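# Residue-level structural notes
Read off the chains here:
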Amino acid sequence: MSEQSPPSFVLPLAETLNVEFKSDLKRLPDDELIEALVCLANTDGGELWLGVEDDGTPTGLHSAHQNLTGLPGLVAARTSPALAITVDAHAVSGVHVARIVVPKSLHSDVSTTRGMYLRRRMKQDGTPECVPMLPHERSSRANRIGLSDASAQVVVGATLADFDPLERERLRQAIQTYGGDRVLLELDDEALDGALGFTARSVSGERVPTLTGLLIIGREIALRELVRTHELAFQVLAREAVTFNEFRRFPLLKALEWLETNFRPYNPENEVQIGLFRVPVPKVDMGAFREAVANALVHRDYHHLGAVHVRLDDQGMTISNPGGLVEGVTLSNLLTTEPRPRNPALADAMKRIGIVERSGRGVDKIYRGMLRFGRPEPDYGRTDANSVVLQLSTVAADEVFLQLVVEQENKQGGTPLPIDSLIVLATLREQKRLSTDELAQHIQRDSAKAKRTLEHLVEVGLVEAHGNNRSRSYTLSAALYRARGDKLAYTRQAGFSSLQHEQLVLNYIRQHGRIQRNEVMDLCRLSGEQAKSLLKRLKSERKLEQHGEKRGAFYILGENGAL
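Residues numbered from 1 in each chain as written. Predicted model: local features only at pLDDT ≥ 70, side-chain atom pairs only at ≥ 80, totals over all residues. Heavy atoms only, no water.

### Points about the nonpolar core
Test applied: To define a nonpolar core, start from buried Ala, Val, Leu, Ile, Met, Phe, Trp, Tyr and Cys residues and group those joined through side-chain atoms within 4.5 Å. Here the term buried applies to any residue with accessible area under 20% of the maximum for its type, exposed to any over 50%, and partly exposed to those in between, with areas from a 1.4 Å probe on protein chains only. Helix numbering and strand numbering both begin at the N terminus, where a helix is a DSSP run of H or I of at least 4 residues and a strand a DSSP run of E of at least 2. Note on definitions: a residue-residue contact is assigned when non-hydrogen atoms from the two residues lie within 4.5 Å.
Counting 88 residues, the largest nonpolar core has Leu 171, Ile 216, Phe 289, Val 310, Met 350 and Ile 353 as its most contacted members. By residue number, the principal contributor to this core is helix H9 (residues 286-299), which donates eight residues. Look past the residues within four positions of Ile 353 in its chain and what remains in contact with it is Leu 171, Ala 174, Ile 175, Tyr 178, Gly 180, Leu 196 and Ile 216. With 23 residues, the next largest nonpolar core counts Leu 33, Leu 40, Leu 61 and Val 75 among its residues.

### Re the state of the cysteines
The test is simple: Cysteine sulfur pairs qualify as disulfides if the two atoms are within 2.5 Å.
Summed over the entire model, instances satisfying the criterion amount to one disulfide. Through a disulfide, Cys 39 is tied to Cys 130; the S-S separation comes to 1.4 Å. Between Cys 39 and Cys 130 the sulfur-sulfur dihedral comes to about 50°; the bridge is accordingly right-handed. With Cys 39 in helix H1 (residues 30-41) and Cys 130 in strand E8 (residues 128-132), this pair connects stretches of sequence that are 91 residues apart. Overall, the relative accessible area of 0% leaves Cys 39 in the buried class.

### Let's talk about the confidence of the model for the protein chain
For clarity, the threshold we go by: As a per-residue quantity, pLDDT reports the predictor's confidence and falls between 0 and 100.
Confidence in the prediction for the protein chain averages 87 pLDDT; 92% of positions are at 70 or higher. No element of the protein chain has a lower mean pLDDT than helix H17 (residues 487-494), which averages 44, and none a higher one than helix H6 (residues 211-217), which averages 97. Within the model, pLDDT remains below 50 along residues 1-8, and this stretch shows 14 contacts once partners closer than five positions in the same chain are excluded. Counting contacts from residues 486-497, a segment whose pLDDT is below 50, to residues more than four positions away or on other chains yields 22 contacts.

### A short note on the environment of Asn 343
Its location among the elements puts Asn 343 in the loop between strand E16 (316-322) and helix H10 (344-353). Residue Asn 343 is classed as buried on the basis of its relative accessible area of 0%. Taking the C-alpha atoms as reference points, Asn 343 and Ala 150, 193 residues apart in sequence, are found 6.4 Å from one another. Asn 343 has contacts with Asn 143, Asp 149, Ala 150, Ser 151, Val 298, His 299, Arg 300 and Tyr 302, leaving out every residue within four places of it along the chain.

### What to know about the side chain of Thr 427
Examined against the element boundaries, Thr 427 turns out to sit in helix H13 (residues 419-431). Note on Thr 427: relative accessible area 5%, which makes it buried.

Printed below as a string of structure tokens:
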């Protein structure tokens, strides 16, 4: 047992969702310890500190726990499947405590050998507690971490009579309208149901509706009775006054049409002349709107009550759905992670119909629908473990930025700008000047990929680079600032003019007696060629004198440089 905690093992200040304190003054019962560890494993994993009071005061281990060698075996024997923990003993404030590290269970829920499934949750006062896992919570967790697909399962009590012929026709029209898989149009109803996962075979061999089938072509009355978690709400608030507030339990294709029909009157559209074309500028891009709402309906957690909410107010549009992000998807990899649908069967059906992005990169479409018009990027910042919340700003479009994007796409033969390039341009528009590492965070890629994107934008004249190597930074091009009528802003962001570069070099020599090309590069944040050109000009104007050659060359003031 170590006498001193290593620096990496600092006793946490308080209990959290991932940290549990357990007093061991009266010897913590094995059952209580096992239950606490199961709770952590079935949530997000974490650590249990044995020998620490609830308020974080270390009081030490009971004599029965001084030897912790057998604890991992005890835990493995008392849990199903066996939970593999690690234990470290440390001295804190003069007493010995144990730090038990619990991994997150990713392959199945963990129970005690007495059959108890438990999880942690936060109470209203902000402290954690351990509670039993209800059946629907176990199903929800399995769905979230990819162990099961609720949308592919049959719905108890449903029959083929619960499918609506009108929704079947709507489905076939949607495939034509949205460019879905046209092979589906050649199938009869039974074959179509099988191809899209609308039915599955029961034990007796009968075709029975799945959740996917009911959600897409089910009768509204069947959805109300058999899928009570499904609901869509559309609300419009103007200066806090409610002008539209309705809830519907329509099947998904009908729900999307209903929502779009009621949203259009609140989505005015202007036009901007760009070259020979007039480009529509809506308050909210309809492509981004459709994708965001469809994603909310497809990826929501159908084990939990709660509507998918679409709300338009003075600040913008908010789209939220029950159920947090699925396992492996975070706010920091949202743009780059592989698609991980919560409901794979439902997602696949909607892709084949053409409703959502078939590549699974619908988030790119949402970003493009915002950034292309010079609006702020989509904001997922309010997302938590219980819901995904997307906010879309409805500020006025930046028409000059839109023109830049459209003109560049026209130069590329109508090919849309890569989403990474669009994010870089939009970020520089907002934050003016950034380094490669800073921009890499925005596009959620490594610095090497970010640099390739940036250098391509430099080549096509949309971005300008300043400085070299580690000091290299980027701004939007001077042409864009001129088009915006904001030449002063470009001058401020681009940095020093050639005259200012000259004065910096001359002042440096006056202070230090000489200067070399690499010092000019660092001082003025220029590339090697730019520094070479500057020195060559100052030599020709006899403001500098060169001494030495190649790498050993240095410069002192010339006869005109001392003026």
